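Here are the chains, one letter per residue:
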Protein chains: 2
Amino acid sequence: MTTSGVASKARFSAQARLRALQADIMDLILERELEAGDPLPTENELALALGVGRNTLRESLKVLQALGVVEIRHGFGMFVAPSNFDALADGMTFRGRLSLRHKGDEALELVDVRQALESGLIGSAMDKMTAGQLAAVEESVTRMEELAAAGEPFVEADAEFHRRLFEPLNNALLISLLAVFWKVYRQIHLEVGTGAENLSESAAVHRRIYEAVAGGDKALAAERLNHHFDGIRHRIYEVIEK
Amino acid sequence: MTTSGVASKARFSAQARLRALQADIMDLILERELEAGDPLPTENELALALGVGRNTLRESLKVLQALGVVEIRHGFGMFVAPSNFDALADGMTFRGRLSLRHKGDEALELVDVRQALESGLIGSAMDKMTAGQLAAVEESVTRMEELAAAGEPFVEADAEFHRRLFEPLNNALLISLLAVFWKVYRQIHLEVGTGAENLSESAAVHRRIYEAVAGGDKALAAERLNHHFDGIRHRIYEVIEK
DNA sequence: CAAACAATATTGGATGTCCCACCTTCTGTT
DNA sequence: AACAGAAGGTGGGACATCCAATATTGTTTG
């Protein structure tokens, strides 16, 4: 048997049973020593093995898919998935939008966490940054400046700048988390109106961050990153106060 | 109509359709100006409103439940939920266990992120910490020391110590993230054996962190936190090398 | 009149079945 | 040998049916 408690008639709360089923599936993956990319049993086989109906199993599988544990390919099969935080981003975005209607607490919390991560890790990132990676960062800055001069928004280049800044750390989890925060911030930004006024100033802020990084001054880079986040925080405040 | 694209016959990938359905539900919540705790329509009403079958709707609802967007109470109804990151913790725990079987990259990444968060935010937390909160931190340390003297492990007190350290920031997102990281670390720890050897030394490390915090020396506190994480990282290395 | 209890309505939980859509693979024709 | 189409297997989805949990309502009883 793959696990415990499945056949028990004890009446856990429904939520607990769903969680248990998810855990059973994950245990099954671990017990069978499946790796990322390996195929899982079919839905019918799994439902039989775990002693639940197919629809019930599917509910758990969809949750695991959302959590990035399994990858489901229609007409082909189910597989152990590589990490995927997209659904998490959706959930957080919803939270952020919900909170923005009031005091925006959660949106500000998110900025605080992002600030702690970026300011706290910029030093290590600079240690490991190669010349090529540094050049990539500058390329992003240049693109932001060009777009700003043309009066175009540059969300994509902005995101790329921050991503490239921390690529040297080779930390997929960090990159994912920052991507999540970015996605949430972007969605909130779209929601509440553009704030497209200070394009060139925003580009200049990023230029200054780049210069500090290029100059190897960790403290200055961290400080300028902090300043950048103060600006973001200010924009959120403006939206809330309105 | 609450949203777009539901009735479209265009064949998106199945995954995209599921995501769209989740987004539809969230949009519905936002459009109706529902607050946390407010009730959602019943499953049948929702299925009808969104033009999908009840099972399909349920799959999306379970995902949203896992993401902490909705709360489902058997026999009572569904409600807009307060934040809940439990399922995220499960997913990350799975990832960590999966990766530990190989090089443990993801486990190490997780420690790095946690270190950045704690070291980066300890200063702000100290600024806002009240005398009562400081006393609570020391109480956790004392309990760890007592348990260490008795030869008992103290995972709970350890978690409490870190949680209390950052309570002053009033950042629910941060607390949740740290809780997730803690849960993952704890599960991994259980998985690979106890490492119960250095109990008193571990307690002493926490005592030194507390002393730095109590003394108001932010740099020292950050440094000692970093040292603490170096120890954790070392333990993970031991497990992998074996 | 009030408190305790029981019946009931409403809600989500779970399953089985049927059919559709998609992907891969095999196979047969050109 | 190469391409096209058929076949088999997989997940996707919708119902219908029944089970289980909860709150409410109504009744009984002190």
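For the structure itself, consult the block above.
Because the structure is a prediction, the values reported are computed rather than measured.

Residue-level contacts link 55 residues of chain B with 55 residues of chain A. When chain B packs against chain A, close to 4800 Å² is buried across both sides, 61% of that on carbon and sulfur atoms. At the surface where chain B touches chain A, the tally comes to four salt bridges. With a shortest N-O distance of 2.9 Å, E59(B) and K62(A) are connected by a salt bridge. Where chain B touches chain A, the interface holds 14 residue pairs in polar contact (both at pLDDT 80 or more). For the side of chain B that touches chain A, the secondary structure elements donating two or more residues are helix 1 (14-31), helix 3 (54-66), helix 4 (86-100), helix 5 (105-128) and helix 8 (172-191) of chain B. Per-element tally for the side of chain B that touches chain A: the top contributor is helix 4 of chain B, with ten residues. The residue inventory of the side of chain B that touches chain A, partitioned by class, reads 29 nonpolar, ten polar and 16 charged.

Tallied over the entire structure, the rule returns 30 salt bridges over all chains. Salt-bridge contacts for E43(A) lead to R54(A); the nearest nitrogen and oxygen are separated by 2.8 Å. Of the two residues, E43(A) is situated in helix 2 (residues 43-50) and R54(A) in helix 3 (residues 54-66); the sequence distance between them amounts to eleven residues. For R54(A), a relative accessible area of 43% puts it in the partly exposed group. One salt bridge connects E139(B) with R164(B), and the closest N-O pair in it is separated by 2.8 Å. Pair noted here: E139(B) is in helix 6 (residues 131-149) and R164(B) is in helix 7 (residues 155-166), with a separation of 25 residues, a long-range link. What you see here is one network of salt bridges that share partners, running through E43(A), R54(A), R58(A), K62(A) and E59(B).

Next up on the list: the environment of L30(B). Relative to the assigned elements, L30(B) resides in helix 1. In contact with L30(B), other than residues within four places in its own chain, are F94(A), R97(A), L98(A) and R101(A).

This part takes up the protein's contact with DNA strand D. In the region of DNA strand D, 26 residues are neighbours, and R54(A), R58(A), G53(B), N55(B) and T56(B) sit closest. Protein-proximal atoms of DNA strand D, defined as those within 4 Å of the protein, fall in sugar or phosphate at a share of 67%. Within the side chain of H74(B), a nitrogen or oxygen atom sits 3.0 Å from a base nitrogen of DNA strand D. Between DNA strand D and G75(B), the relevant distance is 3.5 Å, taken from a base oxygen to a main-chain nitrogen or oxygen of the residue. Looking at the surface near DNA strand D, the elements with two or more residues in it are helix 3, strand 1 (70-73) and strand 2 (77-80) of chain A together with helix 1 and helix 3 of chain B. Here the surface near DNA strand D takes four residues from helix 3 of chain A, the largest share from any one element. Its residues assigned to classes, the surface near DNA strand D shows seven nonpolar, ten polar and nine charged.

Glancing now at the relation of the copies chain B and chain A. One copy of the chain maps onto the other through a rotation about an axis plus a displacement along that axis. Each copy of the sequence occupies a distinct position, and chain B is placed on chain A by a rotation of 180 degrees and an axial shift of 0.0 Å, giving an RMSD of 0.1 Å. Considering both components of the superposition, the chain copies are consistent with a two-fold axis. Both copies present the same face, since 100% of the interface residues in chain B are matched by interface residues at the equivalent positions in chain A.

Below, the discussion takes up the packing of helix 4 of chain B against helix 8 of chain B. Residue and element names in this part refer to chain B. Following both chains from N to C, one finds helix 4 and helix 8 inclined at 40 degrees, their axes separated by 9 Å at the closest point. The angle between helix 4 and helix 8 places the two elements in the oblique class. In this structure, helix 4 meets helix 8 at a crossing whose hand is right-handed. In this structure, helix 4 uses D86, L88, A89, D90, M92, T93, G96, R97 and L100 to contact helix 8, whose residues at the interface are V180, F181, K183, V184, Q187, I188 and E191. Considering only residue class, the contact of helix 4 with helix 8 consists of eight nonpolar, three polar and five charged.

A separate point is the nonpolar core. Among soluble globular proteins, nonpolar side chains are generally buried collectively. The biggest cluster of nonpolar side chains holds 104 residues, and the ones touching the most others in it are L117(A), F181(A), L117(B) and F181(B). In this structure, L117(A) is in contact with L174(A), L178(A), F181(A), V113(B), A116(B) and L117(B), ignoring residues within four places of it in sequence. V69(A), A66(B), V69(B) and V70(B) belong to the second-largest nonpolar core, a separate cluster that totals 48 residues.

Reading the values: rules and limits
- One numbering rule holds for all chains: residues counted from 1, following each sequence as written.
- Working convention: letters from A go to chains and numbers from 1 go to ligands, in the order in which they are written.
- Given that the model is predicted, a residue must reach a pLDDT of at least 70 before its local features are reported, and side-chain atom pairs must reach 80 or more before they are shown or counted; all residues, however, enter totals for whole chains, interfaces and linings.
- Processing note: side-chain calculations cover all non-hydrogen atoms of the structure and skip hydrogens and water entirely.
- Contacts were defined at the residue level, with two residues in contact if any of their heavy atoms lie within 4.5 Å.
- A simple way to read buried area is as the amount of 1.4 Å-probe accessible surface that goes missing from two parts once joined, with both sides added.
- Should a side-chain nitrogen of Lys or Arg be within 4 Å of a carboxyl oxygen of Asp or Glu, the pair is scored as a salt bridge.
- In protein, a polar contact means a hydrogen-donor-capable atom and an acceptor-capable atom, both N or O and within 3.5 Å, with residues adjacent in sequence counting only if both atoms are side-chain atoms; elsewhere, any N or O pair within 3.5 Å suffices.
- Secondary structure counts use DSSP, requiring at least four H or I residues in a row for a helix and at least two E residues in a row for a strand, with both numbered from the N terminus.
- Lys, Arg, Asp and Glu make up the charged group, whereas Ala, Val, Leu, Ile, Met, Phe, Trp, Tyr, Cys and Pro make up the nonpolar group; the residues left over, Gly among them, are polar.
- Accessibility here uses a 1.4 Å probe with only protein chains present; expressed as a share of the type maximum, an area under 20% marks a residue as buried, one over 50% as exposed, and anything in between as partly exposed.
- The nearness test applies per residue and asks whether one of its heavy atoms lies within 4 Å of the molecule or strand.
- Superposing the copies works by least squares over the C-alpha atoms of residues that have pLDDT at least 70 in both of them.
- Each axis is a line fitted through C-alpha atoms, and for a helix only the stretch in contact is used; angles between axes span 0 to 180 degrees, taken between their N-to-C directions.
- For classification, angles of less than 35 degrees are called roughly parallel, those exceeding 145 degrees roughly antiparallel, those between 65 and 115 degrees roughly perpendicular, and all remaining angles oblique.
- Should the near helix be turned anticlockwise from the far one by less than a right angle, the crossing is left-handed, and should it be turned clockwise, the crossing is right-handed.
- Within this scheme, the nonpolar core is defined by two criteria: the residues are buried Ala, Val, Leu, Ile, Met, Phe, Trp, Tyr or Cys, and they are joined through side-chain atoms within 4.5 Å.

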